[in-house]
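Inside the fold
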2 protein chains.
Amino acid sequence: MFENYTELMNAVVDKYLSPENGEIYELQSAMHYSASAGGKRIRPAVMLEFGRICGATAEEVLPFALALEMIHTYSLIHDDLPCMDDDDMRRGKPSCHVAFGESTALLAGDALLTDAFKIAMETSVEDKQRVVAACRKLAECAGSRGMIGGQVIDLKYENKPATLDIIKKIHLLKTSQLLVAAATIGCILGGADESCVSAAQTFAENLGLAFQIKDDILDVTSTAEVLGKPIGSDAESNKSTYVSLVGLKQAENDVLTYTQTAISALDCFGDDAEDLKEFAKKLVYRTF
Amino acid sequence: MFENYTELMNAVVDKYLSPENGEIYELQSAMHYSASAGGKRIRPAVMLEFGRICGATAEEVLPFALALEMIHTYSLIHDDLPCMDDDDMRRGKPSCHVAFGESTALLAGDALLTDAFKIAMETSVEDKQRVVAACRKLAECAGSRGMIGGQVIDLKYENKPATLDIIKKIHLLKTSQLLVAAATIGCILGGADESCVSAAQTFAENLGLAFQIKDDILDVTSTAEVLGKPIGSDAESNKSTYVSLVGLKQAENDVLTYTQTAISALDCFGDDAEDLKEFAKKLVYRTF
């Protein structure tokens, strides 16, 4: 099922974002380049699956799923810019500003973020109250008190020690918030009640934490070839990480704990959530 | 009336965007700094007035009016960045990246753009079909086929000659599109019919053209003290402008023609549109 979501999303990305001849061909090429750079499509998959469980069709959810993936993509483009992390490579390919130049990359990011909201509004969900609530959630999770806030705090502690609370807050905002958008919007579009939306939020927050701590662990224990990116980059820059603060063993324990909390939150969805549980386990028990 | 809109918007900007103590204080300060830098609040005023004419209350329109102003503000912040126009000054004050640093300015722009959609969704308009249509219009006008597209084409012809058609296209996208959002969203939120929305669109497209050509004229004929920014900057960079292509006299004639077309489009709104007509005239007959 989740493999099908990946294929589905790749097709949708090509359908909506393939460049067309004209004056903005270069901009569209940059948008499509980054959006089709081989991401795992985790967030769209989570949204589609919560939608399915709560009674929204894939067709109804897809515009929001694409919007979320576009927002995730824009955030990577802007993160890689010279004035931010200054990363030349992303997923084994030159980053957007290396391939297309800095001004085009900046504008491609802006355009992915803006167009995302236009595409989301094209959902065929009849009850527009749900659409408005989903849109609000999307902007909230991606905005100054969500993902961007996490990025700001992350930059602030780039070269100075942070406490475990700060590190958790960064992960909760920078990583978990787009997963929260995925999980809750799937529920909202399907018309789920408040308690289910809230359970989906708990699932996503904890899964995001587990996922990010696992990332920190792999940064220490894996190899550059397996990860497809430089390892040990955090230690080099003197940056506090979850692992540097609690140690490898405790970090691995905490991955298990957060994953368990995430999975338990799914109980209110009954047997329907079995695939989601499997997916969560695979995500955090990965070796790359 | 239009003066009241400016005061109203300044108060709303302060209410929603004043920074609060906490980890993202710096980001919020940058957002507020740029959003309260003394803009003329033209777009919110146009939206509020079209809303009033079509039967939406100021309270219903304000979230979208603020959203549009935030999007306008983010576009100025990103335009000023070193990788774009590299402007150190904006409205007589240091630009956002000069005052707060490049990464904070980039993220403040991203946050203004994202939070705009959250705030827009807080409108109390009952008919959510209208809210969804307004949100879609906002994203469309600001996105890759709207304002950002105009920015892309503008950059493309930064240092090479452009035709009059290209220059008009740049103005129609880069300047007119946010005015189109202002005018049409006011109508949409008030429940206006298709023909009124379309008339509002014609008004805004032509007013934007007139406004921008007037800007090009003032760049040649005014003084730096009066404008509060360097003059002759376009001629210096060898950039084609409306004035350089058709001459000063023809440009001044065209301002009148486009303004007249804009004003005539308002006929379908009857006497209610008198203030809008006055406003349009003041905007293009200004000397600074």
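Residues numbered from 1 in each chain as written. Chains lettered and ligands numbered in written order. Predicted model: local features only at pLDDT ≥ 70, side-chain atom pairs only at ≥ 80, totals over all residues. Heavy atoms only, no water.

**Re the overall build of chain A**
A tally of regular secondary structure across chain A gives 15 helices and two strands. Relative to its length of 288 residues, chain A is compact, with a C-alpha radius of gyration of 18 Å against a globular reference of 19 Å. Projected onto the principal axes, the alpha-carbon positions of chain A cover approximately 50 × 50 × 30 Å. Sorting the 288 residues of chain A into buried and exposed places 58% on the buried side. Sequence-distant contacts, at least 24 apart, represent 74% of the contacts inside chain A between residues at least 6 apart. Split by element, the accessible area of chain A, about 11400 Å² in all, is 49% carbon and sulfur. Seen as two clouds, the 27 positive and the 43 negative side-chain charges of chain A have centres 4 Å apart. (Helix = DSSP H or I, 4+ residues; strand = E, 2+ residues; numbered from the N terminus. Rg over C-alpha atoms; globule rule 2.2 N^0.38 Å. Buried < 20%, exposed > 50% of the residue type's maximum accessible area, 1.4 Å probe, protein only. Contact = heavy atoms within 4.5 Å. Areas by Shrake-Rupley, 256 points an atom, 1.4 Å probe, with all protein chains shown as cover. Lys, Arg positive; Asp, Glu negative; His and termini not counted. Charge placed at Lys NZ, Arg CZ, Asp CG, Glu CD.)

**Concerning the relation of the copies chain A and chain B**
Mapping chain A onto chain B is achieved by rotating through 180° and translating by 0.0 Å along the same axis, at an RMSD of 0.0 Å. What we have between these two chains is a two-fold relation. No C-alpha of chain A lies nearer the rotation axis than that of A:K128, which sits 2.7 Å from it. When the interface residues of chain A are mapped onto chain B, 100% of them again lie at the interface, so the same face is used by both copies. (Least-squares fit on C-alpha atoms with pLDDT ≥ 70 in both.)

**Things to note about the packing of helix α10 (residues 194-221) of chain B against helix α15 (residues 274-284) of chain B**
Residues and elements named next belong to chain B. At their nearest, the axes of α10 and α15 sit 9 Å apart, and the two run at 25° to each other. In this view, α10 runs roughly parallel relative to α15, as classed from their interaxial angle. Residues F203, L207, A210, F211 and K214 of α10 pack against L276, A280, L283 and V284 of α15. (Axes fitted to C-alpha atoms, helices over the stretch in contact; angles between N-to-C directions. Parallel < 35°, antiparallel > 145°, perpendicular 65-115°, else oblique.)

**Quick notes on helix α1 (residues 2-17) of chain A**
For α1(A), which comprises 16 residues, the first-to-last C-alpha distance of 22 Å matches the rise-based estimate of 22 Å (1.5 Å per residue) to within 8%. The elements touched by buried residues of α1(A) are α2 (25-35), α3 (42-54), α4 (58-80), α6 (102-120) and α15 (274-284) of chain A. (Expected span 1.5 Å × (residues − 1).)

**Some thoughts on the environment of A:S198**
All names here are of chain A. Structurally, S198 can be placed in helix α10 (residues 194-221). The partly exposed category is assigned to S198, whose relative accessible area is 38%. Once the C-alpha coordinates of S198 and L17 are considered, the two residues, 181 residues apart in sequence, prove to be 33 Å apart.

**Focus: the interface of chain A and chain B**
Note: interface size is frequently given as the accessible area lost on complex formation between the parts. Across the boundary between the two partners, chain A contributes 45 residues, which contact 45 residues of chain B. Taken together, the two surfaces of chain A and chain B that pack against each other cover about 4200 Å², and 70% of this comes from carbon and sulfur. Run the count over chain A and chain B and you get six salt bridges. Along the contact surface separating chain A from chain B lie 10 residue pairs in polar contact (both at pLDDT 80 or more). At the level of secondary structure, the elements contributing two or more residues to the side of chain A that touches chain B comprise α2, α4, α6, α7 (128-142) and α8 (147-156) of chain A. Class assignment for the residues of the side of chain A that touches chain B results in 24 nonpolar, nine polar and 12 charged. (Buried area = accessible area lost by both parts, 1.4 Å probe. Salt bridge = Lys/Arg side-chain N within 4 Å of Asp/Glu carboxyl O. Polar contact = N/O pair within 3.5 Å; in protein donor to acceptor, adjacent residues only side chain to side chain. Nonpolar A, V, L, I, M, F, W, Y, C, P; charged D, E, K, R; others polar.)

**Re the side chain of A:S95**
Secondary-structure assignment places A:S95 in the loop between β2 (93-94) and α5 (96-100). Apart from residues no more than four positions distant in its own chain, A:S95 is found in contact with A:Y33, A:D80, A:D87, A:D88, A:M89 and A:R90.

**Brief notes about the nonpolar core**
Across soluble globular proteins, nonpolar side chains have a tendency to be buried as a group. Judged by nonpolar contacts, the single largest core of 210 residues is most densely connected at A:F64, A:F269, B:F64 and B:F269. Once you skip the residues sitting within four places of it in the chain, B:F64 turns out to touch B:M47, B:A120, B:M121, B:T123, B:V131, B:A134, B:C135, B:L138, B:I185 and B:L189. (Core = buried A, V, L, I, M, F, W, Y, C linked by side-chain atoms within 4.5 Å.)

**Here's the deal with the packing of aromatic side chains**
A full pass over the atoms with the stated rule returns seven aromatic pairs over all chains. With 5.3 Å between their ring centres and 70° between their planes, A:Y33 and A:F100 make a pair best called edge-to-face. Taken as a pair, A:Y33 in helix α2 and A:F100 in helix α5 lie far apart in primary sequence, 67 residues in all. Judged by its relative accessible area of 18%, A:Y33 falls in the buried class. Residues A:F117 and B:F117 carry aromatic rings whose centres are separated by 4.1 Å and whose planes lie at 5° to one another, so their mutual orientation is stacked. Placement of A:F117 in helix α6 and of B:F117 in helix α6 (residues 102-120) is noted, with the two residues assigned to different chains. Note on accessibility: A:F117 and B:F117 belong to one class, buried. A network of ring pairs unites the aromatic residues A:F50, A:F203 and A:F269 as a single cluster. The ring of B:Y157 has B:K160 lying over it, and the distance from NZ or CZ to the ring centre is 5.2 Å. (Phe/Tyr/Trp six-rings, centres within 6.5 Å; stacked < 30°, edge-to-face > 60°. Lys NZ or Arg CZ within 6 Å of the ring centre and 35° of its normal.)

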